[in-house]
Amino acid sequence: MFEEDPVDDLPAATLCHLVDGDDGAAGDGQPDGDDGAAGDGQPDGDDGAAGDETLLIHKKRGVGSDQWVGPGGKVEPGETVRECVVREVREEVGIDVLDPEKVGVFVYRSDDWDAVVHVFRATEYAGTPEETEEADPRWFPVDDLPLDEMWQTDREWLPHVLDGETFRGRFVYSDAEPQEVRIETGVAPSL
Ligand SMILES: Nc1nc2c([nH]c(=O)n2[C@H]2C[C@H](O)[C@@H](COP(=O)(O)OP(=O)(O)OP(=O)(O)O)O2)c(=O)[nH]1
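It should be emphasised that the depicted structure is a prediction, and the values quoted were computed from it without experimental measurement.

Calculation notes
Residues numbered from 1 in each chain as written. Predicted model: local features only at pLDDT ≥ 70, side-chain atom pairs only at ≥ 80, totals over all residues. Heavy atoms only, no water. Helix = DSSP H or I, 4+ residues; strand = E, 2+ residues; numbered from the N terminus. Expected span 1.5 Å × (residues − 1). Buried < 20%, exposed > 50% of the residue type's maximum accessible area, 1.4 Å probe, protein only. Contact = heavy atoms within 4.5 Å. Salt bridge = Lys/Arg side-chain N within 4 Å of Asp/Glu carboxyl O. Pairing = 2+ DSSP bridges. 1 Å grid on protein atoms, 1.4 Å probe; cavity = no way out; pocket = protein on both sides within 12 Å on 5 of 7 lines; lining within 4 Å. Points joined across faces, edges and corners; volume = space filled by probe spheres on them. Nonpolar A, V, L, I, M, F, W, Y, C, P; charged D, E, K, R; others polar. Lys, Arg positive; Asp, Glu negative; His and termini not counted. Core = buried A, V, L, I, M, F, W, Y, C linked by side-chain atoms within 4.5 Å.

**Q** Can you walk me through helix 1 (residues 81–93) in this structure?
**A** Helical periodicity: at 3.6 residues per turn, an α-helix aligns residues three or four positions apart in one direction. With 13 residues, helix 1 should reach 18 Å at 1.5 Å per residue; the first-to-last C-alpha distance of 18 Å fits that figure. By the burial criterion, the buried members of helix 1 are C84, V85, V86, R87, E88, V89, E92 and V93. Lining the buried residues of helix 1 we find strand 1 (12–20), strand 2 (53–59), strand 4 (72–74), strand 5 (96–97), strand 7 (115–122) and strand 9 (135–141). Downstream of helix 1 by one or two residues, G94 has phi in the positive range, about 75°.

**Q** Just checking my understanding: could you explain the pattern of salt bridges for this structure?
**A** Once the charged atoms of two side chains with opposite charge are near each other, the side chains can pair. Summed over the entire model, instances satisfying the criterion amount to 15 salt bridges. One salt bridge connects R182 with E4, and the closest N-O pair in it is separated by 2.5 Å. Of this pair, R182 sits in strand 11 (residues 177–185) while E4 sits in the segment before strand 1; the two residues are 178 residues apart in sequence, bridging distant segments of the chain. By relative accessible area, which is 30% here, R182 ends up partly exposed. The shortest N-O distance in the salt bridge between R61 and E133 comes to 3.9 Å. Here the residue R61 occupies a position in the loop between strand 2 and strand 3 (68–69), and E133 occupies one in the loop between strand 8 (125–126) and strand 9, the gap between them amounting to 72 residues. Where salt bridges share partners, they join E4, D5, R109, D114, R170, E180 and R182 into one cluster.

**Q** What should I look at first to understand the pairing of strand 10 (residues 167–174) in this one?
**A** In summary, the side chains of a regular strand alternate between the two faces of the sheet. With six of its eight residues buried, strand 10 lies for the most part within the structure. Relative to strand 11, strand 10 runs antiparallel, the two sharing eight bridges. From the neighbouring strand, F167 faces strand 11, where its bridge partner is T185. Where strand 10 folds back on strand 11, the antiparallel hairpin that results is connected by two residues, among which D175 adopts a positive phi of roughly 50°.

**Q** Help me understand the layout of surface pockets in this model?
**A** Over the atoms rolls a probe the size of a water molecule, and its path tells where empty space is left. In this structure, the largest pocket occupies an estimated 440 Å³ of space. Along its surface, the largest pocket is lined by 26 residues, and L15, K59, V63, G73 and W113 are the ones closest to its centre. At the level of elements, strand 1, strand 2, strand 4, helix 1, strand 6 (101–109) and strand 10 are the ones that each hand at least two residues to the lining of the largest pocket. Looking at the lining of the largest pocket residue by residue, the class counts come to 12 nonpolar, seven polar and seven charged.

**Q** Help me understand the side chain of E92, please; the structure alone is not making it clear to me.
**A** Within the secondary structure, E92 sits in helix 1. Despite being buried, E92 has no salt bridge partner; K59 is the closest side chain of opposite charge, sitting 5.4 Å away. Residues contacting E92, with those up to four places away along its chain left out, are I57, P71, G72, E130, T132, E134 and A135.

**Q** Just to check I follow, could you spell out the nonpolar core for this structure?
**A** Proteins that are soluble and globular tend to have nonpolar side chains buried together. Core analysis: the largest hydrophobic core is formed by 39 residues, its most contacted members being L18, F106, V117, V119 and W157. Look past the residues within four positions of V117 in its chain and what remains in contact with it is A13, T14, L15, G104, V105, F106 and Y108. The next biggest cluster of nonpolar side chains, apart from the first, holds seven residues, and it includes M1, F2, L10 and V105.

Okay, structure coming up:
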């Protein structure tokens, strides 16, 4: 999958996909149920009515700005990818993810930015997501994602990640359009 890429020389970055079920397992000990209003930082679960929800951010700046994405960012020198994803989620939405598990990895190449992106899934967190200078967080039902306002290739792999599957991918963009899209699911993410 990555034979053509000098992966050791590419910058590393992370993404976190937090899934909150309606079993009351996730969260910070606060009740999840609320008035159902979107965008209040609380998932709607645990009243039995809603299914799983996932936390996305409307990114205000940087790579992928103005789209809905998982929180994340570039790995800093001396940092592991796991440390990076925990730090980035804290910086971008003010919560601590407690159980990030690496479920995917992809090589991303474009006209102005190349990276190896490590994708994590988490179900446990502490705190309440809040808007920051970088991001506006919102919970979405996993079966009602804002696909039209997401990276085209995220639309292909994110449903697998939300389903608990693993994946590897390679995506080449030019002029913001995918030129090459390769995805393997059910494989160890490695790298
Ligand atoms: N959702 C999604 N995110 C991607 C793709 N490709 C890609 O590099 N990214 C993400 C991975 C990182 O989270 C992010 C890296 O850029 P960033 O600008 O957010 O980095 P940062 O938070 O460290 O920001 P900064 O301090 O450098 O401004 O871009 C992609 O195909 N889909």
